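Residue-level listing of the chains:
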Amino acid sequence: MKRTSIKITPKKLNLQECYNFVEDDSCGGISAFIGTVRNNTQEKEVKQLDFSTYKPMAIKEMQKIADLALEKFPIHKIAIHHAEGMLQIAEIPVIITVSSKHRKAAFKACEFAIDTLKETVPIWKKEYFSDGEVWVNAHP
Amino acid sequence: MKIQTLFFGITSDLVATNNLELSVSENSSVNDFKILLKEKYPQLKNINSYAIAVNETYAEDNLVLKNNDVVAVIPPVSGG
């Protein structure tokens, strides 16, 4: 049985797909983290975000996070899906779902997965403002 | 020996390409490669920091490179 679902896609992410992957009769709960594109950063209006990836390595790093989450927490399944390309305000760049017998493990694994993704997975976003664009995190 | 070099995020803007071949001497380490990069592309010092991945895995400075390795310059990531 496959216990991890990893995906990077230029298509719209599908929450139902992530839910269905982790859903199981043996589990008492599913936790989900859904990242959304916010319309401002440091009080400046953001128009859109462009996500670029080092895709083969990003997939490997996402797989490592999922495998590590299965090792560290008593969870049943985990899905980590990330979008690439241009996203508009309120669109969804990332979905993580985790199922477990008891809720705490699902909450913890979900937080661990998104925190680690933001540190290690080679994906970059560029913020577009009305007066230009900026690579996020690139400068102090 | 030849090293396939990939640039991502802000580094591809700074060096104005995302992909090129660099020549390094035999038994060069990742650290030697970083020194070469700094000499060739002084504009890279304008960013915070960057990591190096060799063949799609994060690499330490003391890793020794082989001919035809794929080395990626990874600026601070911002996924999610």
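Residues numbered from 1 in each chain as written. Chains lettered and ligands numbered in written order. Predicted model: local features only at pLDDT ≥ 70, side-chain atom pairs only at ≥ 80, totals over all residues.

### Focus on the overall build of chain A
Moving on, step 1. Counting its secondary structure elements, chain A contains three helices and ten strands.
Moving on, step 2. Going from N to C terminus, chain A has its helices and strands arranged as β-α-β-β-β-β-α-β-β-β-α-β-β.
Moving on, step 3. For chain A, the spread of C-alpha atoms along the principal axes amounts to about 50 × 25 × 25 Å. (Helix = DSSP H or I, 4+ residues; strand = E, 2+ residues; numbered from the N terminus.)

### Considerations on the overall build of chain B
Moving on, step 1. If you tally the helices and strands in chain B, you get two helices and five strands.
Moving on, step 2. Put simply, chain B runs from its N terminus to its C terminus through helices and strands in the order β-α-β-α-β-β-β.
Moving on, step 3. Its C-alpha radius of gyration of 12 Å places chain B within 12% of the 12 Å reference for a compact globule of 80 residues.
Moving on, step 4. Each of the three principal axes of chain B carries a C-alpha extent, and together these read 35 × 25 × 20 Å.
Moving on, step 5. Buried residues in chain B amount to 29% of all 80 residues.
Moving on, step 6. Residue pairs in contact within chain B that sit at least 24 positions apart in sequence constitute 58% of those at least 6 positions apart. (Rg over C-alpha atoms; globule rule 2.2 N^0.38 Å. Buried ≥ 20, exposed ≤ 12 C-beta atoms within 10 Å, placed from the backbone. Contact = placed C-beta atoms within 7 Å.)

### A word on the sheet that holds strand β2 (residues 29-35) of chain A
Residue and element names in this part refer to chain A.
Moving on, step 1. Overall, mixed pairing links the four strands, which are arranged β1-β6-β8-β2 in an open sheet. Edge positions in the open sheet fall to β1 (4-9) and β2, since each of these has one partner strand only. Between one strand axis and the next, the sheet turns by 5 degrees as a mean value, whatever way the strands run.
Moving on, step 2. Sitting on the sheet, helix α2 (residues 55-72) touches β1 and β6 (75-83), and the angle it makes with β1 is about 155 degrees.
Moving on, step 3. Seen against the sheet, helix α3 (residues 103-120) touches β2, β6 and β8 (94-100) and runs at an angle of roughly 150 degrees to β8. (Pairing = 2+ DSSP bridges. Axes fitted to C-alpha atoms, helices over the stretch in contact; angles between N-to-C directions.)

### A look at the nonpolar core
Moving on, step 1. Ile78, Ile80, Ile96, Val98, Ala109 and Ala113 of chain A together with Ala72 of chain B are the most contacted members of the largest nonpolar core, which has 50 residues in total.
Moving on, step 2. Among residues more than four places away in sequence, those in contact with Ile96 of chain A are Ala32, Phe33, Ala79, Ile80, Cys110, Ala113 and Ile114 of chain A. (Core = buried A, V, L, I, M, F, W, Y, C linked by C-beta atoms within 7 Å.)

### Some points on the interface of chain A and chain B
Moving on, step 1. Taken together, the contact pairs 23 residues of chain A with 15 residues of chain B.
Moving on, step 2. Within the residue set of the side of chain A that touches chain B, elements represented by two or more residues are α2, α3 and β9 (123-129) of chain A.
Moving on, step 3. Residues belonging to the side of chain A that touches chain B are distributed by class as follows: 15 nonpolar, five polar and three charged. (Nonpolar A, V, L, I, M, F, W, Y, C, P; charged D, E, K, R; others polar.)

### Examining the sheet that holds strand β7 (residues 85-88) of chain A
All names here are of chain A.
Moving on, step 1. Spatially, the four strands line up as an open sheet ordered β7-β5-β9-β10, and their pairing is antiparallel. Strand pairing shows two members of the sheet lacking a second neighbour, β7 and β10 (132-135), which therefore form its edges. In this sheet, adjacent strand axes meet at a mean angle of 25 degrees when their direction is disregarded.
Moving on, step 2. In this structure, strand β5 (residues 48-53) lies alongside β7, joined through four bridges in antiparallel fashion. The residue of β7 that forms the bridge with Phe51 is Gly85.

### Comments concerning the packing of α2 of chain A against α3 of chain A
Residues and elements named next belong to chain A.
Moving on, step 1. One can describe the packing of α2 onto α3 by two numbers: an axis separation of 10 Å at closest approach and a directional angle of 150 degrees. With respect to each other, α2 and α3 are oriented roughly antiparallel. Judged by the sense of rotation from one axis to the other, the crossing of α2 with α3 is right-handed. For the pair formed by α2 and α3, the contact residues are Glu61, Met62, Ile65, Ala69 and Lys72 on the first element and Ala109, Phe112, Ala113, Thr116, Leu117 and Thr120 on the second.
Moving on, step 2. Among the residues forming the contact of α2 with α3, the class breakdown is seven nonpolar, two polar and two charged. (Parallel < 35°, antiparallel > 145°, perpendicular 65-115°, else oblique. Left-handed = near helix turned anticlockwise from the far one by under 90°.)

### Quick word on the environment of Tyr41 of chain B
Moving on, step 1. Here Tyr41 of chain B shows up in the loop between α2 (30-40) and β3 (51-54).
Moving on, step 2. Residues Tyr41 of chain B and Leu14 of chain B lie 27 residues apart in sequence; the distance between their C-alpha atoms is 8.3 Å.

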